[in-house]
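The primary structure of each chain is shown beneath.
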Amino acid sequence: MHTVYSLLSKLRHILFVGPFPWEELKISATDWPNCQVSEAAGEAAALRLLRTRAFDVLVTNPATTARKDLSVAHEARVLQPGLRTVVLAPALTPEDIITALRDEVYASLSLPVEPHELQTAIGDALNEKEWENGIDVLSAVPHWISLRVACRRVNAERLTRFMSELAGDLEESERFNLITAFREILLNAMEHGAGFDEEKVVDVSAVRTDRAIVYYFKDPGPGFDPAAPPKAVATPDDPMSHMLEREEQGVRPGGFGLLLTRKLVDEIHYNEAGNEVILVKHLD
């Protein structure tokens, strides 16, 4: 009996708003182990289910608009405050991203979406427990969003997804480079500037002009000298060579740091103390 209870207690529950296009998105209800997957016939049916049963994650129907999905996500969170919502939509505007951030939507993805990316987003939502109140919207209009981000890795990963959607009109390679640089600087600020202290925050702003995308970061640390020699980093000849050395230094594995970031954006600028950074991507 104890073993059966333990298995049941670990079973997680996902609710998909249907009719969900499983084949079109190339995912399956079996992609997440030890999960019970339910599908509601529509938004109203999903809300009825949420009034009677507990779920860990809600995934919206990508056939409906972001505005409708965000409304459902908001009502779902009222019914079950701990619910993690993954919004799928045909398209996401900057206004949609702002609404999702304010309403603590776990993740928002627009079509087309890679199956692995969707599987990972839902899997992260299932597995992450300490994620709420991690991204505070200080001020937001479509061309200028200012945030205060608690120094937890989950917040960096969530915010990176949101910023990727904001840059969705860029060419895929340009977007990948820009968002890789964004994520690296944000994680560096959390790791080196705040020591991943959950009580500390990083200020982040994203500004879009006619000619550029600008990201601003400010961490609570004492700063650093950007001209100092970098710690161990990957090299083109041996991209894994830095792993052991960085581990011995107590630095997170896989961090490519400033050396990589300089190659991914058009401009990078630091303040005198070295605890504020601006990244600039020029637009053609």
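What you see is a predicted model; the values in this text were computed from it and never measured.

Turning our attention to the confidence of the model for the protein chain. Should pLDDT be low for a region, the predicted coordinates there are not to be read in detail. For the protein chain, the mean per-residue pLDDT works out to 88, and 85% of the residues sit at or above 70. Predicted confidence for residues 1–9 stays below pLDDT 50, and this span has zero contacts to residues more than four positions away or in other chains.

Across a regular strand the side chains alternate sides, sitting on one face of the sheet and then on the other. Strand β1 (residues 12–17) sits mainly inside the fold: six of its six residues count as buried. Side chains of β1 alternate between two faces, with Arg 12, Ile 14 and Phe 16 and His 13, Leu 15 and Val 17 buried alike. Judged from the six bridges that link them, β1 and strand β2 (residues 35–40) form a sheet pairing that is parallel. Directly across from His 13, in β2, lies its bridge partner Gln 36.

With that settled, consider the nonpolar core. Ranked by size, the top nonpolar core spans 46 residues in total, and within it Leu 147, Leu 159, Leu 186, Tyr 215, Phe 217 and Leu 279 carry the most contacts. For this core, the element with the highest residue contribution is helix α8 (residues 172–193), accounting for nine residues. Not counting residues within four places of it along the chain, the set of residues in contact with Leu 186 comprises Ala 156, Leu 159, Val 202, Val 204 and Phe 217. Counting 23 residues, the second-largest nonpolar core is a separate cluster that includes Phe 20, Trp 32, Val 59 and Val 154.

Within helix α5 (residues 94–102), burial applies to Asp 96, Ile 97, Ile 98, Ala 100 and Leu 101. Of the residues one or two after α5, Glu 104 is the one with positive phi, at around 55 degrees.

This brings us to the packing of aromatic side chains. Enumeration according to the criterion identifies seven aromatic pairs in this entry. Here Phe 16 and Trp 22 contribute two aromatic rings whose centre-to-centre distance is 4.5 Å and whose plane-to-plane angle is 55 degrees, an arrangement assigned as tilted. Looking at Trp 22, the relative accessible area reads 17%, which means it is buried. A cation sits over an aromatic face here: Arg 158 above Tyr 106, 5.3 Å from the ring centre.

Turning to the sheet that holds strand β9 (residues 212–218), a few remarks are in order. With antiparallel pairing, six strands are arranged side by side in an open sheet as β6-β7-β8-β9-β11-β10. Two strands lie at the open edges of the sheet, namely β6 (135–141) and β10 (267–270), each paired on one side alone. Within the sheet, the average angular offset between the axes of one strand and its neighbour, ignoring direction, is 15 degrees. Bridging between strand β7 (residues 144–150) and strand β8 (residues 201–208) involves seven bridges; their strand directions are antiparallel. Paired with Val 149 across the two strands is Val 202, which belongs to β8. Along the sheet, helix α7 (residues 153–166) makes contact with β6, β7, β8 and β9, crossing β7 at roughly 165 degrees.

Tallied over the entire structure, the rule returns nine salt bridges. In this structure, Asp 169 and Arg 208 form a salt bridge, with 2.6 Å as the shortest nitrogen-oxygen distance. One end of the pair, Asp 169, is in the loop between α7 and α8; the other, Arg 208, is in strand β8, with 39 residues separating them in the sequence. Residue Asp 169 is classed as exposed on the basis of its relative accessible area, which comes to 55%. Salt bridges sharing common partners tie together Arg 77, Glu 104 and Glu 132.

Let us look at the sheet that holds β1. Strand order in the open sheet made by the five strands is β2-β1-β3-β4-β5, with parallel pairing throughout. Bordering the open sheet on either side are β2 and β5 (107–110), each of which pairs with just one other strand. Averaged over all pairs of adjacent strands, the angle between their axes in this sheet comes to 15 degrees, without regard to strand direction.

When the terminal C-alpha atoms of α7 are compared, their 20 Å separation across 14 residues agrees well with the 20 Å that a helix rising 1.5 Å per residue should span. For α7, a buried count of 11 out of 14 residues is recorded, marking the element as mostly surrounded by other parts of the structure. All buried positions along α7 are accounted for by Val 154, Asn 155, Ala 156, Arg 158, Leu 159, Thr 160, Arg 161, Phe 162, Met 163, Ser 164 and Glu 165.

Positionally, Val 141 belongs in strand β6. C-alpha of Val 141 to C-alpha of Val 207: the two residues are 66 residues apart in sequence and 9.6 Å apart in space.

Before going further, it helps to examine the side chain of Asp 96. As for its position among the elements, Asp 96 is in helix α5. Look past the residues within four positions of Asp 96 in its chain and what remains in contact with it is Ala 66, Leu 70 and Ala 91.

Direction of pairing for β8 relative to β9: antiparallel, over a ladder of six bridges. Each residue of the ladder has a partner; that of Asp 203, found in β9, is Lys 218. Here β8 hands over to β9 after three residues, the two strands then running antiparallel side by side.

Calculation rules
Residues numbered from 1 in each chain as written. Predicted model: local features only at pLDDT ≥ 70, side-chain atom pairs only at ≥ 80, totals over all residues. Heavy atoms only, no water. pLDDT = per-residue confidence, 0-100. Contact = heavy atoms within 4.5 Å. Buried < 20%, exposed > 50% of the residue type's maximum accessible area, 1.4 Å probe, protein only. Helix = DSSP H or I, 4+ residues; strand = E, 2+ residues; numbered from the N terminus. Pairing = 2+ DSSP bridges. Core = buried A, V, L, I, M, F, W, Y, C linked by side-chain atoms within 4.5 Å. Phe/Tyr/Trp six-rings, centres within 6.5 Å; stacked < 30°, edge-to-face > 60°. Lys NZ or Arg CZ within 6 Å of the ring centre and 35° of its normal. Axes fitted to C-alpha atoms, helices over the stretch in contact; angles between N-to-C directions. Salt bridge = Lys/Arg side-chain N within 4 Å of Asp/Glu carboxyl O. Expected span 1.5 Å × (residues − 1).

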